[in-house]
Amino acid sequence: MAFTLWALYEATLLCLNAICILNEERFLAKVGWASWQNVQGFGEPPTVKSQLLNLIKSIRTVMRIPLIGLNIVTILLKLVLG
């Protein structure tokens, strides 16, 4: 399998889909990554864990609607082009 732009696009789409379907109560809380478990004090530098949680929350907020369209386009292209 060659490394193409299409393969890179599909891999990125799959990763974004995986991030968007993570359930905070079922999965993230079990591994200690829930947002309510990560409380920082004022003026403390953000940790890597808090930055990753913020990234996950941002992706879930911003990319939910565009991912629907990207998934539809990808499915249609796979059906038409094989």
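Structural notes, computed from the coordinates. On a predicted model such as this, the values are computed, not experimentally measured, just so you know.

**Points about the overall build of the protein**
Inference 1: Within the protein one finds 4 helices and 0 strands.
Inference 2: Seen in sequence order, the protein has helices and strands lined up from the N terminus as α-α-α-α.
Inference 3: Within the protein, the fraction of its 82 residues that count as buried is 17%.
Inference 4: Across the protein, every contact between residues at least 6 apart in sequence was considered, and the portion connecting residues at least 24 apart equals 52%.
Inference 5: As displayed, the protein has an accessible area near 6400 Å², and 71% of this comes from carbon and sulfur atoms.

**Thoughts on the packing of helix 1 (residues 5-20) against helix 4 (residues 64-81)**
In helix packing, the relevant descriptors are the interaxial angle and the interaxial distance, both defined with respect to the helix axes.
Inference 1: Where helix 1 meets helix 4, the axes come as close as 11 Å, and the angle between the chain directions of the two elements is 140°. Our classification of the angle between helix 1 and helix 4 gives oblique. In the packing of helix 1 onto helix 4, the handedness of the crossing is left-handed. In this structure, helix 1 uses Trp 6, Tyr 9, Glu 10, Leu 13, Leu 16, Asn 17 and Cys 20 to contact helix 4, whose residues at the interface are Arg 64, Leu 67, Leu 70, Asn 71, Thr 74, Leu 77 and Lys 78.
Inference 2: Of the residues assigned to the contact of helix 1 with helix 4, the class counts are 8 nonpolar, 3 polar and 3 charged.

**Re helix 3 (residues 48-62)**
Inference 1: Over its 15 residues, helix 3 runs 21 Å from end to end, which matches the ideal 21 Å to within 8%, given 1.5 Å per residue.
Inference 2: Listed as buried for helix 3 are Ser 50, Leu 53, Ile 56 and Ile 59.
Inference 3: Its buried side turned inward, helix 3 meets helix 1 and helix 4.

Quick notes on the rules
Residues numbered from 1 in each chain as written. Predicted model: local features only at pLDDT ≥ 70, side-chain atom pairs only at ≥ 80, totals over all residues. Heavy atoms only, no water. Helix = DSSP H or I, 4+ residues; strand = E, 2+ residues; numbered from the N terminus. Buried < 20%, exposed > 50% of the residue type's maximum accessible area, 1.4 Å probe, protein only. Contact = heavy atoms within 4.5 Å. Areas by Shrake-Rupley, 256 points an atom, 1.4 Å probe, with all protein chains shown as cover. Axes fitted to C-alpha atoms, helices over the stretch in contact; angles between N-to-C directions. Parallel < 35°, antiparallel > 145°, perpendicular 65-115°, else oblique. Left-handed = near helix turned anticlockwise from the far one by under 90°. Nonpolar A, V, L, I, M, F, W, Y, C, P; charged D, E, K, R; others polar. Expected span 1.5 Å × (residues − 1).

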